[in-house]
Number of protein chains: 2
Amino acid sequence: MQGHSQPLQNSTAIVANHTPTQNQLLNALSAEVQQRLFPHLERVEMPLGKVLYESGDVMRYVYFPTDCIVSLLYVMENGSSAEISVVGFDGLIGVALFMGGESTTSRAIVQSAGFAYRLLGQRLKDEFNRHGELLHLMLRYSQALITQMAQTAVCNRHHSIEQQLSRWLLLSLDRLKDNHLVMTQELIANMLGVRREGVTEAAGRLHKQGVIDYSRGHILVTNRAKLEQLSCECYAVVKAETDRLLPIQARS
Amino acid sequence: MQGHSQPLQNSTAIVANHTPTQNQLLNALSAEVQQRLFPHLERVEMPLGKVLYESGDVMRYVYFPTDCIVSLLYVMENGSSAEISVVGFDGLIGVALFMGGESTTSRAIVQSAGFAYRLLGQRLKDEFNRHGELLHLMLRYSQALITQMAQTAVCNRHHSIEQQLSRWLLLSLDRLKDNHLVMTQELIANMLGVRREGVTEAAGRLHKQGVIDYSRGHILVTNRAKLEQLSCECYAVVKAETDRLLPIQARS
DNA sequence: TTAACTCTGTGCGCTATCGTACATAGCAGC
DNA sequence: GCTGCTATGTACGATAGCGCACAGAGTTAA
């Protein structure tokens, strides 16, 4: 294989007629909205490896790629990582801006060099902020849900069944009134996407460590603090982000 | 462990003063919006195992749980599954309704029995539909992104490195102009959250099967059709859903 | 040309998880 | 109390992926 010394040089031919409509989302807008929005777009270069934002950063811009690819990457505490999503000319980077969360728990990094148009986040928000309270609440919740999904993906990749079971128990507990769950190991296995036997073993270990009691479809968490220790970071990340996005009064 | 013969019986004590505000999202709304919305809410029982919607179903209602838990579950072609997300009194089921997609690729199933309030989807949409075209486009894109994340989670759980590499190559290819990627195996490994050696081995197998050529940071896909065969269902699912949600003209 | 560096290939022992099979234990209904 | 069903426990070989170590191949710079 040869002849790829300058793989992106063909893009120079395209530069001449670069236009925002090379991004599918921008292209899908009506002429009216395009006329209102396009004057505020700024064409920017997207070199390989450029970080658009880090986990927790408040975003200033949304980016509409034309011929680059950007990865949404989750980086764990120990440094290992997993890609959550890929964005190209078909999408945009920065949904958190109009979702209302302002930041996310992932990093956005350019995976294939090229160009994009960026738009000051405030412009986009201005476009939305006329709208109702209900909408904004729903959007913020959606972002929390997205965070949970992203973390599930990471957890599936990197953590042991015991850690995932701990995370799962905590997530369920947070949505119940007491420390008692009605749930068979078989069903938990379906949820986690693992064998039932794997759950049996992990539950046995949690029991030996004095964290849970259980019997035929009933699970009682007896030491929640320790369960949180045994869980991976995923639980805490999701909880913190959910609390940030939806700072509602404490659970009753 | 005993004394759990009727685990949910304590909820009977709560039934007396059931109110929509037991759901955090509904509770977070202003009195004004609550007054407009609450008359349309209908309290419904959520028995264990009840399926609120299947993958692809058009949703009629959004559900606001008060004391039940609902799992968003992705079911694969071979029947195995993985939970994508959990929803309780902190959230709602049916974001696709206001996202604009009407349906999702996951199943919603009651994991812990209880109650919820439901709202006819059209009511919610009426509340949103006054708003702009840009908003709706952004929301639909967000749903496509959510689909991709959910599928990443499933893929991480169930599929081999070779399948995931195939999926990843296809996702990248769709966002480029030719069949040529500039990407080291090391970086791909970071993206997939696996060892670099694992990528080397999988890439070697793809090469032996005549699907790709590669050399030091360059990958050329020579047989895309076969690559799609070798990929897991995840690629096709994401592509189909993205095309459904954002039916924009074919890539140039 | 040589040196330094980066990327890729390969081997090896280790571990978690899988697939399968079967044994036991708790609960429900007759 | 017996029967049958469902949930849980356990064992065992197979395997995918890991961590590590190092070799070779390609690329860049001196």
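These figures come from a predicted structure and were not determined experimentally.

Moving on, we get to the domain arrangement of chain A. Per the domain assignment, the segments of chain A are domain 1 (9–143) and domain 2 (160–231). Relative placement of domain 1 of chain A and domain 2 of chain A: their C-alpha centres are 38 Å apart.

Around DNA strand C, the surrounding shell holds 14 residues, and the nearest of these are Arg195(A), Gln185(B), Arg196(B), Arg216(B) and Gly217(B). The protein-proximal atoms of DNA strand C, defined as those within 4 Å of the protein, are 51% sugar or phosphate. Between DNA strand C and Gln185(B) there is a distance of 2.8 Å, counted from a phosphate oxygen to a backbone nitrogen or oxygen. Taking Arg196(B), its side chain carries an N or O atom lying 2.9 Å from a base oxygen of DNA strand C. If you tally residues by element for the surface near DNA strand C, the top one is helix 9 (residues 196–208) of chain B, at three residues. Taken together, the residues of the surface near DNA strand C break down into three nonpolar, five polar and six charged.

Here the focus is the interface of chain A and chain B. On the side of chain B, 87 residues touch chain A, which itself brings 87 residues to the contact. Buried surface at the junction of chain A and chain B, summed over both partners, amounts to about 7,900 Å²; 67% is from carbon and sulfur atoms. Scanning the region where chain A abuts chain B turns up zero salt bridges. Counting every contact that joins chain A to chain B gives eight residue pairs in polar contact (both at pLDDT 80 or more).

Moving on, we get to the packing of aromatic side chains. Each pair of aromatic rings is reported with the distance of its centres and the angle of its planes. Residues and elements named next belong to chain B. Tallying each qualifying case throughout the model produces two aromatic pairs over all chains. Of note, arginine 43 hangs over the ring of phenylalanine 115, and the distance from its end group to the ring centre comes to 4.0 Å. Above the face of the tyrosine 61 ring, arginine 118 is positioned so that its terminal group lies 3.8 Å from the ring centre.

Let's shift gears to the side chain of Arg167(A). Following the sequence through the fold, Arg167(A) ends up in helix 7 (residues 161–173). With sequence-adjacent residues up to four places away left out, Arg167(A) is seen in contact with Thr152(A), Cys155(A), Leu192(A), Ser231(A), Cys232(A), Cys234(A) and Tyr235(A).

Screw-axis analysis of chain A against chain B gives a translation of 0.0 Å along the axis, an RMSD of 0.0 Å, and a rotation angle of 180°. Taken together, the rotation and translation relating the two chain copies correspond to the operation of a two-fold axis. It is Ala153(A) whose C-alpha, among those of chain A, lies nearest the rotation axis, at 1.8 Å.

Inspection of the region around DNA strand D gives 14 residues, with Gln185(A), Thr200(A), Arg216(A), Arg195(B) and Glu197(B) positioned closest. Take the atoms of DNA strand D that sit within 4 Å of the protein: sugar and phosphate atoms are 53% of them. In this structure, Glu197(B) approaches DNA strand D through a side-chain N or O atom, which is 2.8 Å from a base nitrogen. Counting residues per element, the surface near DNA strand D draws most heavily on helix 9 (residues 196–208) of chain A, at three residues. Considering only residue class, the surface near DNA strand D consists of three nonpolar, five polar and six charged.

Further remarks concern the environment of Lys125(B). Residues and elements named next belong to chain B. Residue placement: lysine 125 occurs in helix 5 (residues 121–129). Among the residues examined, lysine 125 registers a relative accessible area of 16% and is labelled buried. Discounting residues that sit within four places of it in the chain, lysine 125 has contacts with Leu97 and Glu102.

Moving on to unusual backbone geometry. For Arg216(A), which is not glycine, the phi dihedral falls at a positive 40°. Secondary-structure assignment places Arg216(A) in the loop between strand 9 (212–215) and strand 10 (218–221).

As a further point, take the pattern of salt bridges. Counted by the stated rule, this structure contains 18 salt bridges over all chains. Here Lys239(A) makes a salt bridge to Asp243(A), at a shortest N to O gap of 3.3 Å. Placement of both Lys239(A) and Asp243(A) in helix 11 (residues 233–245) is noted, with a separation of four residues, approximately one turn of the helix. We classify Lys239(A) as partly exposed; its relative accessible area is 27%. Of the residues examined, Asp243(A) reaches a relative accessible area of 39% and is grouped as partly exposed. Among the salt bridges present, the one from Glu42(B) reaches Arg118(B), with a minimum N-O distance of 3.0 Å. Remark: Arg118(B) occurs in strand 7 (residues 114–120) and Glu42(B) occurs in strand 1 (residues 42–46); sequence separation between them is 76 residues. Given a relative accessible area of 18%, Arg118(B) falls into the buried group. Salt bridges linked by common partners bring Asp174(A), Arg224(A) and Glu228(A) together as one network.

Each strand in a sheet pairs with its neighbour through backbone hydrogen bonds, running either in the same direction (parallel) or in the opposite one (antiparallel). Residue and element names in this part refer to chain B. The three strands lie next to each other as 1-7-3, forming an open sheet whose pairing is antiparallel. Each edge of the open sheet is held by one strand with a lone partner, namely strand 1 and strand 3 (61–65). Averaged over all pairs of adjacent strands, the angle between their axes in this sheet comes to 40°, without regard to strand direction. Judged from the five bridges that link them, strand 3 and strand 7 form a sheet pairing that is antiparallel. Residue pairing for strand 7: phenylalanine 64 is matched across the bridge by tyrosine 117.

Cut-offs applied
Residues numbered from 1 in each chain as written. Chains lettered and ligands numbered in written order. Predicted model: local features only at pLDDT ≥ 70, side-chain atom pairs only at ≥ 80, totals over all residues. Heavy atoms only, no water. Domains from an automatic or database assignment. Near = heavy atom within 4 Å. Polar contact = N/O pair within 3.5 Å; in protein donor to acceptor, adjacent residues only side chain to side chain. Helix = DSSP H or I, 4+ residues; strand = E, 2+ residues; numbered from the N terminus. Nonpolar A, V, L, I, M, F, W, Y, C, P; charged D, E, K, R; others polar. Contact = heavy atoms within 4.5 Å. Buried area = accessible area lost by both parts, 1.4 Å probe. Salt bridge = Lys/Arg side-chain N within 4 Å of Asp/Glu carboxyl O. Phe/Tyr/Trp six-rings, centres within 6.5 Å; stacked < 30°, edge-to-face > 60°. Lys NZ or Arg CZ within 6 Å of the ring centre and 35° of its normal. Least-squares fit on C-alpha atoms with pLDDT ≥ 70 in both. Buried < 20%, exposed > 50% of the residue type's maximum accessible area, 1.4 Å probe, protein only. Pairing = 2+ DSSP bridges. Axes fitted to C-alpha atoms, helices over the stretch in contact; angles between N-to-C directions.

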